[in-house]
Amino acid sequence: MSYVYESYDVVVVGAGHAGCEAALACARLQLNTLLFTINMESIAMMPCNPNIGGTSKGHLVREIDALGGEMGKNIDRTYIQSKMLNVSKGPAVHSLRAQADKQEYSNSMRKVLENTPNLTLKQGEVTEVLAKENKITGVKTYSGAIYPCKAVILCTGTYLNARCIYGEVVNNTGPNGLKSATHLTDSLKALGIEMYRFKTGTPARIDRRSIDFSKMEEQFGDETVVPFSFTTDPEDLKKEQVSCWLTYTNGKTHEIIKANIDRSPLYSGEIKGTGPRYCPSIEDKVMKFADKDRHQVFIEPEGNYTNEMYIAGMSSSLPEDVQYQMYRSVPGLENANIVRNAYAIEYDCINPLQLKLSLEFKNIEGLFSGGQFNGSSGYEEAAAQGLIAGINAARKLQGKEPLILDRSEAYIGVLIDDLVTKETHEPYRMMTSRAEYRLLLRQDNADIRLTKKGYEVGLISEERYQKLVKKIEDINNEILRLERTNIGANKEVQELLQKLGSSELSTAVTLAELIRRPELNYELLEPIDKNRVKLPGDVIEQVNINIKYDGYIKRQLSQVEKFRKLENRRIPDNLDYMKVPSLRIEARQKLIKYRPISIGQASRISGVSPADISVLLVYLSQYKNS
């Protein structure tokens, strides 16, 4: 028997990292929003690694914050160690990463959700998405309750028909032993949605008291902590940080794994789902990289109020008895006491090619989705998609055009474009190498790139936007001053240059020219810059980067201009590809299936060649003139 309850503008299914951002975006944009979670204790849960950020993922968190999302603020509130990665390399690949207190992270996000106007939280399992004539009308729960709504955002993570597996043990549960969602998949298939079966995994958690840290290398956080959120005052982040630890697998570890590989469900055929290539299990690493005699293992605390330690780098689905042998072969873990076994998890997700760039389903109006349900992996990738899905669900109901970030604007744009344009046969992970314009898409300038868009959407306050306007003005004025300030070859200048290991001047140069020297920077030249005024650290950072990399940045901006021409070349929705002469059969089939919105997007579809794009451009010119 069904019961109809109060109606909502938007229903969000799932309260993981994607669902939290989606629900907050909708509620903050004044839509009456209902957020369903299968368990109230699982809100913003970190079922795997206890950290936020990392290579390329730190970029995503900064972009989420610049658009008005919550993840950056939440990790700033709950971090226990922070580190800037890749500092020996150029600024394009600098990435912030912070260990979180897992429980505190979840509690803090839940507190934000529970105190956000227009947002209602409810524990329950959504079993059906209701649609009439391919248009969303509501959702139905396991209890039979029907909640009418105008839009639904699916953020189910790894819960759909989830199975947790290690060795011969199979539990039909979601992550961390929580209840799985076993009914929704059938409802989605009935709507014509194509589903995939993916897999991911997690390592064991080990009791801190059973670890011998004297056999490991201690890993400290940074002395000066950089916030994830552009709104966080760095002074507020000062706290005593916890340590992480580094150890390694060895020949004995690898022998144990090889001797028991036939008992691994990955190799026995018990696991059918496709796993992430860039986050392999330890058995995968040992079997596929046989030439490596050791692999890094990081021991990471799960929080301030627990002895559980996360064993990063040793994700596994081997049987329990093998796990004990394997972990105890690692230096420092000889007496390891396993609190939670490592396991693999299989789950249902969608083929993301069914989505528009707005993350709305092409064939079901008002149905949006985000996160691991879209075939991605990682908390940060999930949160980014959830935010965009939430913004676009709200904009659709408000009669506005969707927010679509392209590949030249944001890592979020790269992530979503890759998912909805390129064929995904494994969980997708963001990497800096995927971004063609990564020198422009640095984590340090995410606010400059995206805060205006967040302001126009309605998620950034007037006060925050005006602060950004002032920051950009300060940056531009200071760069102009440095380009115009000449420095003569006087004694004071020559002595400073000699002291800094830089060649002496034979003629006058501008301060900007000196900053471009590899061994110099803005701050080092302060003694000879007599007219310098005190500027905030974030302004100085932008001034230094923009001057040092000026030539490279201009070259990349030129590339972006060419890219934009193709992105702006729109393809009519009703274009009949069967009437385009000289298109190859494969190209026709792919273009009909994916219905790209622009020549740029069409060019990134697997099976569509540069020759096909040339044919299409010629045809569109004739089409436009006909």
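See the structure shown above.
In this text, all values refer to a predicted model and were calculated from it rather than measured experimentally.

Novice: Quick question: what am I supposed to make of the nonpolar core here?
Specialist: Considering soluble globular proteins, one finds that nonpolar side chains tend to be buried as a cluster. Membership of the largest hydrophobic core comes to 107 residues, with the highest contact counts inside it found for Y105, L113, I153, L154, L188, L367 and I412. The residues that make up this core include at least three from each of domain 1 (3-156 + 359-457) and domain 2 (205-346). Each residue touching L113, except ones within four places of it in the same chain, is listed here: C20, L24, L35, I43, L119 and L121. In this structure, I206, W245, V297 and I311 belong to the second largest nonpolar core, which totals 25 residues.

Novice: Help me out: how do you make sense of the sheet that holds strand β4 (residues 51-53) in this one?
Specialist: Strand pairs in the sheet, formed through backbone hydrogen bonds, run parallel or antiparallel to each other. The sheet built from three strands is open, its strands ordered β4-β6-β5 with antiparallel pairing. Each end of this open sheet is capped by a strand with a single partner; those strands are β4 and β5 (79-85). Across the sheet, the mean angle separating the axes of adjacent strands is 20 degrees when strand polarity is ignored. Pairing of β4 with strand β6 (residues 95-100) involves three bridges; the strand directions are antiparallel. Paired with N51 across the two strands is Q99, which belongs to β6. Along the sheet, helix α2 (residues 57-67) contacts β4 and β6; its crossing angle with β4, the most-contacted strand, is approximately 80 degrees.

Novice: Explain the state of the cysteines to me, please; I cannot follow it from the model alone.
Specialist: Put plainly, a disulfide is one covalent bond tying together the sulfur atoms of two cysteines. Summed over all chains, the structure comprises zero disulfides. Its sulfur unpaired, C164 is 11 Å from the next cysteine sulfur, which belongs to C48.

Novice: Please explain the environment of G124 as it appears in this structure.
Specialist: Turning to its location among the elements, G124 is positioned in the loop between β7 (119-123) and β8 (126-131). Owing to a relative accessible area of 21%, G124 belongs among the partly exposed residues under this scheme. Sequence spacing of G124 and L557 is 433 residues, and the spatial spacing of their C-alpha atoms is 49 Å.

Novice: So what exactly am I meant to see when it comes to helix α17 (residues 550-567) here?
Specialist: Because each turn of an α-helix spans 3.6 residues, side chains separated by three or four positions end up pointing in the same direction. In a regular helix each residue adds 1.5 Å, so 18 residues correspond to 26 Å; α17 covers 25 Å between its end C-alpha atoms and thus fits that length. Packing partners of the buried residues in α17 comprise α16 (537-548) and α19 (599-603).

Novice: Please clarify how the side chain of N74 should be interpreted in this entry.
Specialist: Within the fold, N74 resides in helix α3 (residues 71-78). Among the polar contacts made by the side chain of N74, one reaches the main-chain carbonyl oxygen of Y105 at a distance of 2.9 Å. The contacts of N74, once residues within four sequence positions are left out, are Y105, S108 and M109.

About the cut-offs
- Residues numbered from 1 in each chain as written.
- Predicted model: local features only at pLDDT ≥ 70, side-chain atom pairs only at ≥ 80, totals over all residues.
- Heavy atoms only, no water.
- Core = buried A, V, L, I, M, F, W, Y, C linked by side-chain atoms within 4.5 Å.
- Buried < 20%, exposed > 50% of the residue type's maximum accessible area, 1.4 Å probe, protein only.
- Domains from an automatic or database assignment.
- Contact = heavy atoms within 4.5 Å.
- Pairing = 2+ DSSP bridges.
- Helix = DSSP H or I, 4+ residues; strand = E, 2+ residues; numbered from the N terminus.
- Axes fitted to C-alpha atoms, helices over the stretch in contact; angles between N-to-C directions.
- Disulfide = S-S within 2.5 Å.
- Expected span 1.5 Å × (residues − 1).
- Polar contact = N/O pair within 3.5 Å; in protein donor to acceptor, adjacent residues only side chain to side chain.

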